[in-house]
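Close look at the chain arrangement
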Amino acid sequence: MQWTLVIPLKPLARAKSRLADTAADGVRPSLALAFAQDTVAAALACQSVKDVAVVTDDTLAGRELSALGARIVPDTPAGGLNAALRHGAAAVRASRPESPVAALNADLPAVRPLELARVLDAAAEFPRAFLPDAAAIGTTLLAAVPGQELAPAFGPDSRARHAASGAAELRLAGVDSVRQDVDTGADLRVALALGVGPRTAAVAARLLIPDQ
């Protein structure tokens, strides 16, 4: 099964505010874009991924991610994360009704194609499935096979909300790169230790990242 990934990305100027203690205002948009670029590049290199749709209204992000091979879907609802994901999934299935779709966070700069393939292959065994984040509170990936609505419930405590919605929790070892989203300076240090993509590495080199 080859998946279409739907990746939401808010305007870069408003992204990653919780990284304020690590990256100055002028750097955070570049860091958010680098996260998304490395996430999209890794996703497109994954054998289980057919294509990637990025839901965003950011002009720069749209141009850069389109250059990597992503389809850009304008965030017409402008109603937040879950509305963007529902819109993106609907846009994908408008042209390919039987496509399996999976929502993937845009802030997974260490994600490895082989680990992502393991997660998606495991998700294919369930109508809907999700992968909890490294903190075991949130969600980094939510998948729905053909004939199933994505029904995203991202936000605070999304692990519990996705489980309550009936999605199967994927309990996989060795997929740390798919679970490590980056919201804080501590998250960034962990991602750097795992090994981030080249664009994130280049921007992070401009920052003073203290040892853990």
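A brief look at the structure comes next. Only a predicted model underlies this, so the values are computations on that prediction, with no experimental measurement involved.

What counts and what doesn't
Residues numbered from 1 in each chain as written. Predicted model: local features only at pLDDT ≥ 70, side-chain atom pairs only at ≥ 80, totals over all residues. Heavy atoms only, no water. Helix = DSSP H or I, 4+ residues; strand = E, 2+ residues; numbered from the N terminus. Rg over C-alpha atoms; globule rule 2.2 N^0.38 Å. Contact = heavy atoms within 4.5 Å. Areas by Shrake-Rupley, 256 points an atom, 1.4 Å probe, with all protein chains shown as cover. Lys, Arg positive; Asp, Glu negative; His and termini not counted. Charge placed at Lys NZ, Arg CZ, Asp CG, Glu CD. Salt bridge = Lys/Arg side-chain N within 4 Å of Asp/Glu carboxyl O. Buried < 20%, exposed > 50% of the residue type's maximum accessible area, 1.4 Å probe, protein only. 1 Å grid on protein atoms, 1.4 Å probe; cavity = no way out; pocket = protein on both sides within 12 Å on 5 of 7 lines; lining within 4 Å. Points joined across faces, edges and corners; volume = space filled by probe spheres on them. Nonpolar A, V, L, I, M, F, W, Y, C, P; charged D, E, K, R; others polar. Axes fitted to C-alpha atoms, helices over the stretch in contact; angles between N-to-C directions. Parallel < 35°, antiparallel > 145°, perpendicular 65-115°, else oblique. Left-handed = near helix turned anticlockwise from the far one by under 90°. Pairing = 2+ DSSP bridges. Polar contact = N/O pair within 3.5 Å; in protein donor to acceptor, adjacent residues only side chain to side chain.

Attention shifts here to the overall build of the protein chain. When helices and strands are counted, the protein chain shows 8 helices and 7 strands. Relative to the 2.2 N^0.38 estimate, which gives 17 Å for 212 residues, the radius of gyration of the protein chain is 16 Å and therefore close to what a compact globule would have. Projected onto its principal axes, the C-alpha positions of the protein chain cover 45 × 35 × 30 Å. Considering only residue pairs separated by 6 or more positions, the protein chain has 66% of its internal contacts joining residues 24 or more positions apart. With the model as given, the accessible surface of the protein chain reaches about 9100 Å², and the carbon-plus-sulfur share is 53%. Charge separation in the protein chain, taken as the distance between the mean sites of 21 positive and 22 negative side-chain charges, equals 2 Å.

Turning our attention to the pattern of salt bridges. Counted according to the given criterion, the structure contains 7 salt bridges. When the shortest N-O distance is used, the salt bridge between Asp107 and Lys16 registers 2.6 Å. With Asp107 in the loop between β4 (101–104) and α4 (113–123) and Lys16 in the loop between β1 (3–8) and α1 (28–44), this pair connects stretches of sequence that are 91 residues apart. Across this residue pair, the class does not change: Asp107 and Lys16 are buried. Between Asp51 and Arg96 there is a salt bridge whose closest N-O contact spans 3.2 Å.

Roughly 1100 Å³ of internal volume is contained in the largest pocket. For the lining of the largest pocket, the elements supplying multiple residues, two or more each, are α1 and α3 (81–95). Residue composition of the lining of the largest pocket, grouped by class: 16 nonpolar, 10 polar and 12 charged.

One way to put it is that α1 packs onto helix α2 (residues 59–68) with a least axis distance of 10 Å and a crossing angle of 25°. When the interaxial angle is binned, α1 and α2 end up roughly parallel. By crossing handedness, the relation of α1 to α2 is classed as right-handed. In this structure, α1 contributes Leu33, Ala36, Gln37, Val40, Ala41 and Leu44 to the contact, and α2 contributes Leu60, Ala61, Glu64, Leu65 and Leu68. When grouped by side-chain class, the residues that make up the contact of α1 with α2 number 9 nonpolar, 1 polar and 1 charged.

Attention shifts here to the sheet that holds β4. Spatially, 7 strands are ordered β3-β2-β1-β4-β6-β5-β7 in an open sheet, and the strand pairing comes out mixed. Among the strands making up the open sheet, the edge pair consists of β3 (71–73) and β7 (168–169). Relative to β7, strand β5 (residues 128–132) runs parallel, the two sharing 2 bridges. The residue bridging Phe130 from the neighbouring strand is Glu169, located in β7. Against the sheet, α1 makes contact with β1, β2 (49–55) and β4, and its axis sits at roughly 155° relative to β2, the strand it touches most.

Take the side chain of Asp133 next. Tracing the backbone shows Asp133 in the loop between β5 and β6 (139–144). Although Asp133 is buried, it forms no salt bridge, and the closest oppositely charged side chain is Arg179 at an N-O distance of 5.6 Å. Of note is the side chain of Asp133, whose polar atom sits 3.1 Å from the backbone nitrogen of Ile137. For Asp133, the residues in contact, after removing those within four places along its chain, are Gly138, Thr139, Thr140, Arg179 and Asp181.

If you check the backbone angles, Lys16 has positive phi at about 60° while not being a glycine. With a phi angle near 50°, Ala151 is a residue other than glycine that sits in the positive phi range. If you trace the backbone, Ala151 turns up in the loop between β6 and α5 (158–164).

The next thing to look at is the pairing of β5. With 5 of 5 residues buried, β5 is to be regarded as a mostly interior element. Of the two faces of β5, the one holding Arg128, Phe130 and Pro132 and the one holding Ala129 and Leu131 are both buried throughout. Examined bridge by bridge, β5 and β6 share 5 bridges and lie antiparallel to one another. Note that in β6 the partner of Phe130 across the bridge is Leu142.

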